[in-house]
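Fold and geometry: a report
Read off the chains here:
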Amino acid sequence: MFSAFRKYLLIPRLIRLSSAAPKDPRTAWDQYWGNIRSTGATGDVLWDSGSDHELNGYLPTLAHLDPALPVVDVGCGNGSFTRLLAQHFPLAVGLDYSANAVDRARLESADVTTASFAVCDMTAPDAAQTVAAALKEAGWTGEANVFIRGVLHVLDLNGRSALAVNLLPVVGTRGGVFLAETNFPGTPVDYVSHLGATRKSIPAPLEWAIRGLPMPGRFGAAQRAKAFPTADWNLVEEGSASIETRPLSNPSASDVIPGYYALLRARQPG
Ligand SMILES: C[S@@+](CC[C@H](N)C(=O)[O-])C[C@H]1O[C@@H](n2cnc3c(N)ncnc32)[C@H](O)[C@@H]1O
């Protein structure tokens, strides 16, 4: 009985660690990315497994997207998924509102000729123009597919809705949106305990995230229905996903966070 409650002894430590995080999310993310020293399976970034295993699981769903269109990776971070997507689409453009993330993504992708990156706040009123400019810079004019992983669950309700509205002109009639997000059902304490935090120790990549970033929420079917209303979007497919982290508990295997995926298309008038 006591052991079930032991995890709650973590709360003071979590509060102490997270109190240092900048209150403005964009500042927090940019500072986070500026402090990252390494990425991939042995790196500092909690959600970067260094493997293509998770993306490979999405490929049957991504096959519904028009493979002749480029893909825009919204909130690309260090570009791990952008680089993988560049193997399946003619062009992959990673966008992030952290300039430090974009610098890092460019550095890590120097040898991928069909991946490019730009700074863009995807919730800003002019985001669609910034996306079009980034695509044009990479040699493409017109509609595109969109990939989103691990971004909507860190936004508030207004941010999610603004982002979804901004995607409508990006996808137009031919493109589609694929999203995969963490949808952890418990409290923040359950979440960090699931990822191996105890009162005595916290895996370093998890501690970096707790120290530097706002506490994430969850994003599942209910949150998707609010952010992508049926007046604007058709749901093509949805289901549960396994979001893979950098190996935490076992050096040779990713840890997994319960997640949610969906494929959507913009509703056409008439
Ligand atoms: C958890 S990380 C996921 C990174 C990447 N998608 C991946 O799965 O490896 C969330 C990313 O979203 C970015 N982000 C958050 N809000 C954003 C916004 N409004 N516009 C663009 N990027 C944003 C953050 O800077 C961060 O790099």
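Positions within a chain are numbered from 1, following the residues in the order the chain's sequence is written. A pLDDT threshold of at least 70 governs which residues receive local features in this predicted model, and a stricter bar of 80 or more applies before side-chain atom pairs are shown or counted, although totals over entire chains, interfaces and linings include all residues. For the side-chain quantities, the full set of heavy atoms in the structure was used; hydrogens and water were omitted.

With an unreviewed UniProt entry as reference, the protein chain is termed Class I SAM-dependent methyltransferase, source organism Paenarthrobacter nitroguajacolicus.

Brief notes about the site of the ligand
Rule in force here: Consider each residue's heavy atoms; a residue with any of them within 4 Å of a molecule or strand counts as near. N or O atoms within 3.5 Å of each other form a polar contact, as long as, within protein, one can give a hydrogen and the other can take it, and as long as residues adjacent in sequence are counted only when both atoms are side-chain atoms. For every accessible area listed, the method is Shrake-Rupley and the probe measures 1.4 Å; residues are considered covered only by the protein chains on display. Detection works on a 1 Å grid of protein atoms alone, calling trapped sets that fit a 1.4 Å probe cavities and calling open sets with protein on both sides within 12 Å along at least five of seven lines pockets, with lining residues defined by an atom within 4 Å of a point. Being in a pocket or cavity means that more than half of the molecule's atoms lie within 2 Å of its grid points. In this count, Pro and Cys sit with the nonpolar residues alongside Ala, Val, Leu, Ile, Met, Phe, Trp and Tyr, while Asp, Glu, Lys and Arg are called charged and the others, Gly among them, polar.
Contacts to the ligand come from 17 residues, most closely from Trp33, Gly75, Asp96, Asp121 and Arg149. Trp33 is positioned with one of its side-chain polar atoms (N or O) 2.9 Å from an oxygen atom of the ligand. One of the backbone N or O atoms of Met122 is found 3.0 Å from a nitrogen atom in the ligand. Protein chains bury 98% of the 600 Å² of accessible surface belonging to the ligand in isolation. At a threshold of 2 Å from the grid points, most atoms of the ligand map onto the largest pocket. Of the residues contributing to the shell around the ligand, the split by class is 9 nonpolar, 5 polar and 3 charged.

What about the packing of helix α2 (residues 11–18) against helix α10 (residues 204–212)?
In plain terms, the rule: Fitted lines through C-alpha atoms serve as axes, helices being fitted only where they are in contact, and the angles separating the N-to-C directions of these axes extend from 0 to 180 degrees. Per the convention used, a helix needs a DSSP run of H or I reaching at least four residues, while a strand needs a run of E reaching at least two, with both numbered from the N terminus. Only heavy atoms enter the contact rule, under which two residues are in contact if any of them lie within 4.5 Å.
One can describe the packing of α2 onto α10 by two numbers: an axis separation of 6 Å at closest approach and a directional angle of 65°. Counted together, Arg13, Leu14, Leu17 and Ser18 of α2 and Glu207, Ile210 and Arg211 of α10 form the full contact between these two elements. Class assignment of the residues belonging to the contact of α2 with α10 gives a composition of 3 nonpolar, 1 polar and 3 charged.

Section: the pairing of strand β1 (residues 71–74)
Basically, it comes down to this: Using a 1.4 Å probe on the protein chains alone, a residue whose accessible area is under 20% of its type maximum counts as buried, one over 50% counts as exposed, and one in between counts as partly exposed. In this analysis, strands are considered paired if DSSP registers two or more bridges between them.
Alternating residues of β1 divide into Val71 and Asp73 and Val72 and Val74, and every residue in both groups is buried. The sheet contact formed by β1 and strand β2 (residues 92–96) spans 4 bridges and is parallel. Each bridged residue has a counterpart across the sheet, and for Val72 the counterpart in β2 is Val93. Where β1 lies against strand β4 (residues 145–149), 4 bridges are found, and the strand directions are parallel.

Brief notes about the pairing of strand β7 (residues 256–266)
Judged by how many residues are buried, β7 sits mostly within the fold: 8 of 11 residues are covered. By the bridge criterion, 6 bridges tie strand β5 (residues 177–182) to β7 in an arrangement that is antiparallel. Looking at β7, one finds that Glu181 is bridged to Tyr260. Relative to β7, strand β6 (residues 233–244) runs antiparallel, the two sharing 11 bridges. What sits directly across from Ser240, in β7, is Tyr260.

Thoughts on the layout of surface pockets
To keep it simple, the criterion reads: Grid points are joined across faces, edges and corners, and a volume is the space filled by probe spheres set on the points. Where each domain starts and ends comes from a domain assignment, either automatic or drawn from a database.
Looking at the largest pocket, its volume works out to about 750 Å³. Those elements that place two or more of their residues in the lining of the largest pocket are α3 (25–35), β1, α5 (80–85), β2, β4, α9 (188–194), α10 and β6. With 3 residues, the top contributor of residues to the lining of the largest pocket is α10. Looking at the lining of the largest pocket, its residues break down into 27 nonpolar, 10 polar and 6 charged. For the lining of the largest pocket, the two domains that each supply at least three residues are domain 1 (1–35 + 186–215) and domain 2 (68–183). What the second largest pocket holds in volume is close to 190 Å³. Every residue along the wall of the second largest pocket is listed here: Asp24, Pro25, Arg26, Trp29, Tyr97, Asp121, Thr123, Val154, Leu155, Asp156 and Gly159. Here the lining of the second largest pocket takes 3 residues from α3, the largest share from any one element. For the lining of the second largest pocket, a count of residues per class yields 5 nonpolar, 2 polar and 4 charged. Shared between two domains, the lining of the second largest pocket holds at least three residues of each, these being domain 1 (1–35 + 186–215) and domain 2 (68–183).

Quick notes on the packing of aromatic side chains
Here is the rule we go by: The criterion for an aromatic pair is that two Phe, Tyr or Trp rings (for Trp, the six-membered ring) have centres within 6.5 Å, with stacked assigned to planes under 30 degrees apart, edge-to-face to planes over 60 apart and tilted to the rest.
Enumeration over the complete set of coordinates arrives at 12 aromatic pairs. Seen in terms of ring centroids, Phe147 and Phe178 are 5.6 Å apart; in terms of plane orientation they differ by 15°. Their pairing is stacked. One end of the pair, Phe147, is in strand β4; the other, Phe178, is in strand β5, and 31 residues separate them in sequence. Note on Phe147: relative accessible area 1%, which makes it buried.

Some details on a nonpolar patch on the surface
As a reminder of what qualifies: For patch detection, residues must exceed 30% relative accessible area and be free of salt bridges, and they are connected within 9 Å for like charges or within 5 Å for nonpolar side chains (Val, Leu, Ile, Met, Phe, Trp, Tyr). By definition here, a salt bridge exists when the distance from a side-chain nitrogen of Lys or Arg to a carboxyl oxygen of Asp or Glu is within 4 Å.
Among the surface-exposed residues, Phe5, Tyr8, Ile11 and Ile15 lie close enough to one another that they form a single nonpolar patch of about 370 Å² accessible area. Mapped onto the fold, Ile11 is located in helix α2.

Some words on the environment of Gly142
Here Gly142 is to be found in the loop between α7 (127–137) and β4. Separated by 51 residues in sequence, Gly142 and Leu91 place their C-alpha atoms 13 Å apart.

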